[in-house]
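One-letter residues, chain by chain:
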Amino acid sequence: MAVRASALGLRDLPKVELHVHLGGTITVDLALELARRRRTRLAALRDGGYPRRYGDFAAFLRTYVAVNDLVRTPEDLFLVASAFAGEQARLGVRYTEATFTAMTYVRGGIPPPELWAALREGFVEGGGDVDVRLIVDVIRDFGEDEAAATVRLVEAADAPIVALGLTGIEGSVPLERFRPLRQAADRLGLGLVVHAGETGPASSVRQTLDVLAPDRIAHGVAAAREPALVARLAAQGTPLDVCLTSNVATGMFRSLDEHPFGSLWRAGVRLTVSTDDPPFFGTTLEEELGHAARIVGLDRSEVAALQRGALEASFAPQAVRHEVRAAIDRWDERPR
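Residues numbered from 1 in each chain as written. Predicted model: local features only at pLDDT ≥ 70, side-chain atom pairs only at ≥ 80, totals over all residues. Heavy atoms only, no water.

1. Notes on helix H13 (residues 285-296)
Next, step 1: Compared with the 16 Å implied by 1.5 Å per residue over 12 residues, the 16 Å span of H13 between its first and last C-alpha is a close match.
Next, step 2: For H13, the complete set of buried residues consists of Leu285, Glu288, Leu289, Gly290, Ala292, Ala293 and Val296.
Next, step 3: In this structure, the buried residues of H13 make contact with strand E1 (15-21), strand E2 (93-100), helix H10 (244-249), helix H11 (261-266), strand E8 (271-273) and helix H14 (300-313).
Next, step 4: Directly after H13, the chain includes Gly297, whose backbone phi takes a positive value near 80°. (Helix = DSSP H or I, 4+ residues; strand = E, 2+ residues; numbered from the N terminus. Expected span 1.5 Å × (residues − 1). Buried < 20%, exposed > 50% of the residue type's maximum accessible area, 1.4 Å probe, protein only. Contact = heavy atoms within 4.5 Å.)

So this is what it looks like as structure tokens:
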């Protein structure tokens, strides 16, 4: 019998988070500090904070871009990386994969060696017990040349990179143009994570599976509209990295109760739970796991299994997997 999510003791659960954008972890306080350094006003704030609810995805993207435009130097990146790692450690996240659009900052004038050094040093400065790895993504709107430049950047990087990613507006560029991204990931021994089925239709998820064969799909929730596609995802075992509050805040669904997490779970699709851009949506991983537990009716052991599943879907080294799994097991075995 499932217990109330609030009684699960999620605060102490050793957590795994796979779908969080580093640029989406900039808190209001840090954004204001960056704005002060730029001697500019941050017009994206409402009543001293982020809106939390956005009319649509485009409205969210405008806020996200305005905040990230304030990050212009290696010192700025260090602050972002340090704050992120520190907050993840405080919240009990033991392993996390952060999506990072490196080319944005390289085009902005940060030399790659300084960029990677700022991230490495920031993660160490703030990290505590959290192990932070990177998914370096391509914004698909910029096309295949941007993808090729990103691959060259990753090839020369001194950074804890575990995967390549494809983000951006679904349908803006034909997926076939990004086949070299799959090939590069295989050649470099990296994973591939593709955003699909967030703002796009179920066909976006199906095409992503057909053309790029990703190791994971970020979001993917539009697949719930096609039972045959849901059955395919369950059979193939391709994980979906789901962010419940994000999908409601950006207008994909009107409420958590209308979110298809439950139907996907019951259909046997592999799901992981993450925050996407936590301060922009006013959430934490603990809260997102609580939402998932309430929607599906998970008990404590089932929440532990959900986190073990996230670990299995990750690109973590085997030694890290063993350590984090042992920590989850100890939490699960505690007296109720």
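2. A closer look at the environment of Ala293
Next, step 1: You can see Ala293 is positioned in helix H13.
Next, step 2: Put simply, Ala293 and Leu8 are 285 residues apart on the chain and 9.0 Å apart in space, counted from C-alpha to C-alpha.

3. Quick notes on the pattern of salt bridges
Next, step 1: The tally for this structure, following the rule as stated, stands at 24 salt bridges.
Next, step 2: A salt bridge links Asp76 to Arg38; its shortest N-O distance comes to 2.7 Å. Of this pair, Asp76 sits in helix H3 (residues 74-90) while Arg38 sits in helix H1 (residues 28-38), placing them 38 residues apart in sequence.
Next, step 3: On the accessibility criterion, Arg38 (22% relative accessible area) is partly exposed.
Next, step 4: Between Asp210 and Arg232 there is a salt bridge whose closest N-O contact spans 2.7 Å. Taken together, the residues Asp210 in helix H8 (residues 202-212) and Arg232 in helix H9 (residues 227-236) connect sequence positions 22 residues apart.
Next, step 5: Given the relative accessible area of 25%, Arg232 is considered partly exposed.
Next, step 6: Counted as one network, the salt bridges with shared partners bring together Glu33, Arg36, Arg37, Arg38 and Asp76. (Salt bridge = Lys/Arg side-chain N within 4 Å of Asp/Glu carboxyl O.)

4. Re the side chain of Thr101
Next, step 1: On the secondary structure map, Thr101 appears in the loop between E2 and helix H4 (102-107).
Next, step 2: Assessed through its relative accessible area of 16%, Thr101 is described here as buried.
Next, step 3: At a separation of 2.8 Å, a polar atom in the side chain of Thr101 contacts the side chain of Asp137. (Polar contact = N/O pair within 3.5 Å; in protein donor to acceptor, adjacent residues only side chain to side chain.)

5. Describing helix H2 (residues 57-68)
Next, step 1: When the terminal C-alpha atoms of H2 are compared, their 16 Å separation across 12 residues agrees well with the 16 Å that a helix rising 1.5 Å per residue should span.
Next, step 2: Among all positions of H2, only Phe57, Ala59, Phe60, Thr63, Tyr64, Val67 and Asn68 are buried. When H2 is viewed along its axis, its buried side chains cluster within an angular range of 165° and face the same direction.
Next, step 3: Along its buried surface, H2 packs onto E1, H1, H4 and helix H12 (278-281). (Arc of directions from axis to C-beta.)

6. Comments concerning the sheet that holds E2
Next, step 1: Across the sheet, eight strands lie side by side as E1-E2-E3-E4-E5-E6-E7-E8; this open sheet has parallel pairing. Taken across any chain shown, the strands that pair with only one partner, and hence form the sheet edges, are E1 and E8. The mean inter-strand angle of the sheet, taken between neighbouring strand axes irrespective of direction, is 25°.
Next, step 2: Pairing analysis gives five bridges linking E1 to E2, with the strands arranged parallel. Bridge pairing in E2 links His21 to Thr99.
Next, step 3: Helix-sheet contacts for H3 involve E1, E2 and strand E3 (131-139), and the interaxial angle to E2 is about 145°.
Next, step 4: Across the face of the sheet, H13 comes into contact with E1, E2 and E8 while running at roughly 105° to E1. (Pairing = 2+ DSSP bridges. Axes fitted to C-alpha atoms, helices over the stretch in contact; angles between N-to-C directions.)

7. Focus on the nonpolar core
Next, step 1: Counting residues in each nonpolar core, the largest one holds 114 residues, and the members touching the most others are Phe100, Trp116 and Leu119.
Next, step 2: With six residues, the single largest contributor to this core is H14.
Next, step 3: Setting aside its immediate chain neighbours within four residues, Trp116 contacts Phe100, Ala102, Leu134, Val136, Leu153, Ala157, Asp158, Ala159 and Ile161. (Core = buried A, V, L, I, M, F, W, Y, C linked by side-chain atoms within 4.5 Å.)

8. Considerations on unusual backbone geometry
Next, step 1: Backbone geometry places Arg39, a non-glycine residue, at a positive phi of 55°.
Next, step 2: For Arg39, the location among the structural elements is in the loop between H1 and H2.
Next, step 3: For His219, which is not glycine, the phi torsion reads 75° and is therefore positive.
Next, step 4: Relative to the elements of secondary structure, His219 occurs in strand E6 (residues 216-219).

9. Quick notes on the packing of H14 against helix H15 (residues 318-333)
Next, step 1: At their nearest, the axes of H14 and H15 sit 10 Å apart, and the two run at 175° to each other. With respect to their mutual orientation, H14 and H15 come out roughly antiparallel. Of the residues in H15, those in contact with Arg300, Ser301, Ala304, Gln307, Arg308, Leu311 and Glu312 of H14 are Arg321, Val324, Arg325, Ile328, Asp329, Trp331 and Asp332.
Next, step 2: Of the residues that constitute the contact of H14 with H15, the class distribution is five nonpolar, two polar and seven charged. (Parallel < 35°, antiparallel > 145°, perpendicular 65-115°, else oblique. Nonpolar A, V, L, I, M, F, W, Y, C, P; charged D, E, K, R; others polar.)

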